[in-house]
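# Residue-level structural notes
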Amino acid sequence: MSVEAPVVARGLLKVFHDESRGELRAVDEIDFECHRGEIFGLLGANGAGKTTTLRLLSTVLKPSGGHASVMGYDVLESSGEVRAHLGFYSASTALYPRLTARETLEFFARINGYPEAEIENRVRSLVDRFGIEEFVDVRVDKLSSGMKQRVSLARTVAHDPPVLIFDEPTVALDVMAAIEMQDVIREFREEGKTILFSTHVMSEAEKICDRIAIIHRGRILACDTLNGLREETGKHYLEDIFLEFMRESHD
Amino acid sequence: MKWREIGILYRMELRSALRERSIVVGSILIPLLLYPLLMWGIMSGLTFVMGQSESQVSRIASSADVESTRVFEALESDERVSVEILLPSHLDIRSRIRSGELDAWIELMPAAAELSPEFRKYHVVYDGSKDRSAVAETRIVESLDSLRTERMEDEAKRAGLGEEVWQQYSVASENLASSRQMGQFIMGLIVPMFLIIMVSAGAMYPAVDATAGERERGTWETLVSTAASPGSIITAKYLYVTTLSCAAGLLNLFAMLVSMRAIFAPMLASTGKNMEFKIPLASIPVIAAGALLLALFISAGMMLLASFARTFKEGQSMAAPLYVVSFLPMLFINSPGIVLTPKLALVPIVNIALVFREAISGTFQWPLIAVAVAVELVLVAAVLLLAQRVLRFEDVLIGSYSGSFFRFLKERIIRRSQT
């Protein structure tokens, strides 16, 4: 009996009905799997369908067709279980400004179903790990952007989920903060988490993704390791590989 | 929907809200402090103005022919008045009164041939738009009235007539209402209106903060990607808004009672009118239940309207119409003669206002109260059903729909049900 991958998408489809533009297939019957201890990258330009795909997996949006599951739970039928097993981080997932860092971590651990008796220890370990100690009882709106980033990362894993989704996490971060973010994501991989990582920055995908899916107009044009993509296209740099697939799709 | 989740979310919303200055001010401080401050302000203002007017000397000018009359003597003997005789060259009286240089002018009118030679007709000129001038006119009239009474008493004495003969009758009114009933009557006119205003005002900021504010801050997506179901999230927010709305109404009622007893009652007592501002104990649960029903309806409506906004400002302008609509009916029923009738029990908001009014005076028309409660519950259920239908649309739930509730209603609900 084969063990199902932590994240599976089969023929996943999302159609939006726009009053002026009509029907828009934002995600067009895509298939992929993400494995334990892997960083799976979704690489595409703005509007390619990366965020919609990740929102479908995190059950924020409902698929128009196809199937997807997280840790064996179907995104449509067991959406609550799916969300309890994943941590979602994006540039648009902000923190509650009027809660302290500690209250934030306690709240997210609790609401995501972390055992009540263990929350205190969990928060303490997160505070240590992300270096939050100094400002743990300070309200979030008083923190610097770097401090907020650390609290935000800690809140994403507050309930210790096996699957993590990072939707363009380094957008709007300076170089040092982006590098710190990449290091943390790598650490999560070492811990055996399954990580979905979307970006439009080629160098970032090149550096941290184990496998990369190139997505364009809602379709996955290619999905392989960086070496696999190099072999397939004969190009070395991801930027050239990406352009090659774009060209092919337009032809 | 799980109650544990709702509890966690509710506590988080409330904790967060109680740290937001605008919510604390709008839902707690204003309801609690508005009345004491308002009454203190009005009383201090009135006392100051009255004191100012009373302490000022009225500058009255008269024509020379008044000098020889008893009226002139009476005015001159009044310490609050200074009288001067003006020569004909100074007779630009009207402009001097208008400019505030002079307060009033008194002159004798030519005697009419058909009347007794003793009859005097005085002409008083003053400016009613000026407080000081109006006070001067009152003082002149008071002096004239007092002279007339003195004269009549003298004449009656001279003719050997007793007071009961020349006065003919006297009036002794008996007010059957006790001082407590009088207080309840006054409260019945004021309390329902302010209670409704405060329940609406108390819901406004939390409703906008929980919907549009959440979107503006970017915490909405964080919240909907947690394990909590959308149903739990919305229920917790709804309960939180209702709590603050209801609390604003009840805090306001408490503050109003305290202010009326501590400030208004002593002031009335100093003018000889005794009023007791107490409400019957039995009316407290009825008023609390009414405030809760109103809060449930207003909170649901405001959250529904504000959920289409992307920013706090937009949310405020979208929810504001309900704020106005909620207390508009009060302007029409704020007459003491209107009571709870079977027809008025069917009118939302008005019915609860009338239940409040009657409960304050200890009147409970239970069948009509039941009708009013049923009407409000149906209304709340209708708004919640509509909200549930609206939130089935993914773009509204995630905040990507750009338009107001009314546009949405036209485009998605009315037009689709027609096709």
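In this text, all values refer to a predicted model and were calculated from it rather than measured experimentally.

All names here are of chain B. The strand order across the open sheet formed by four strands is β2-β1-β3-β4, and the pairing between neighbours is mixed. Both edges of this open sheet fall to β2 (81-85) and β4 (122-126), since each of them pairs with a single strand only. Averaged over neighbouring strand pairs, the angle between their axes works out to 25 degrees when direction is ignored. Pairing geometry for strand β1 (residues 58-62) and strand β3 (residues 104-108), over three bridges, is parallel.

This part covers the nonpolar core. Counting 154 residues, the largest nonpolar core has I165(A), L196(A), V199(B), A207(B), M302(B), A306(B) and A319(B) as its most contacted members. In terms of residues, this core owes the most to one element, helix α9 (residues 230-270) of chain B, which gives 16 residues. Core analysis: the second largest hydrophobic core is formed by 14 residues, I60(B), I97(B), L102(B) and I106(B) among them.

A word on the domain arrangement of chain A. Residues and elements named next belong to chain A. We note that the domain assignment places domain 1 (7-85 + 162-250) and domain 2 (96-161) within chain A. Centre-to-centre separation of domain 1 and domain 2, based on C-alpha positions: 26 Å. The partner domain 2 presents eight residues to the seven residues of domain 1 that form the contact. Among the elements of the structure, β7 (163-167) and α6 (175-190) are those that each provide at least two residues to the side of domain 1 that touches domain 2.

So, on to the pairing of β7(A). Residues and elements named next belong to chain A. Among the five residues of β7, five are classified as buried, and the element is accordingly described as predominantly covered. With five bridges connecting them, strand β6 (residues 86-90) and β7 associate as parallel partners. What sits directly across from G87, in β7, is L164. As defined by bridge partners, β7 adjoins strand β8 (residues 194-199) across five bridges and the pair is classed as parallel. For L164, the partnering residue across the bridge sits in β8 and is I195. Following the chain from β7 across α6 to the adjacent parallel β8, one finds a crossover that is right-handed.

Residue and element names in this part refer to chain A. What the six strands build is an open sheet, ordered β6-β7-β8-β3-β9-β10; its pairing is mixed. Sheet topology places β6 and β10 (219-224) at the edges, where each strand pairs with a single neighbour. Each neighbouring strand pair of the sheet contributes to a mean axis angle of 15 degrees, computed without reference to strand direction. Contacting β3 (39-43), β7, β8 and β9 (211-216), helix α1 (residues 50-57) crosses the sheet at an angle of about 155 degrees to β8. The strands touched by α6 are β3, β7 and β8; relative to β8, the strand with the most contacts, the crossing angle is about 155 degrees.

Right, let's talk about the interface of chain B and chain A for a bit. Chain B puts 20 residues into the contact, and the matching count from chain A is 23 residues. Those elements that provide at least two residues to the side of chain B that touches chain A are α1 (3-17), α8 (220-224) and α14 (394-398) of chain B. Per-element accounting of the side of chain B that touches chain A gives the leading share, five residues, to α1(B). Residues that form the side of chain B that touches chain A fall into these classes: seven nonpolar, seven polar and six charged.

All right, on to the environment of S79(A) then. Residue and element names in this part refer to chain A. Its location among the elements puts S79 in helix α2 (residues 79-84). On the basis of neighbour counts, which here come to 19 C-beta atoms within 10 Å, the residue S79 falls in the partly exposed class. In this structure, the C-alpha to C-alpha distance between S79 and G37, residues 42 residues apart in sequence, is 23 Å.

Criteria and cut-off values
- Residues numbered from 1 in each chain as written.
- Chains lettered and ligands numbered in written order.
- Predicted model: local features only at pLDDT ≥ 70, side-chain atom pairs only at ≥ 80, totals over all residues.
- Pairing = 2+ DSSP bridges.
- Helix = DSSP H or I, 4+ residues; strand = E, 2+ residues; numbered from the N terminus.
- Axes fitted to C-alpha atoms, helices over the stretch in contact; angles between N-to-C directions.
- Core = buried A, V, L, I, M, F, W, Y, C linked by C-beta atoms within 7 Å.
- Buried ≥ 20, exposed ≤ 12 C-beta atoms within 10 Å, placed from the backbone.
- Domains from an automatic or database assignment.
- Contact = placed C-beta atoms within 7 Å.
- Right-handed = clockwise from strand over helix to strand, strands pointing away.
- Nonpolar A, V, L, I, M, F, W, Y, C, P; charged D, E, K, R; others polar.

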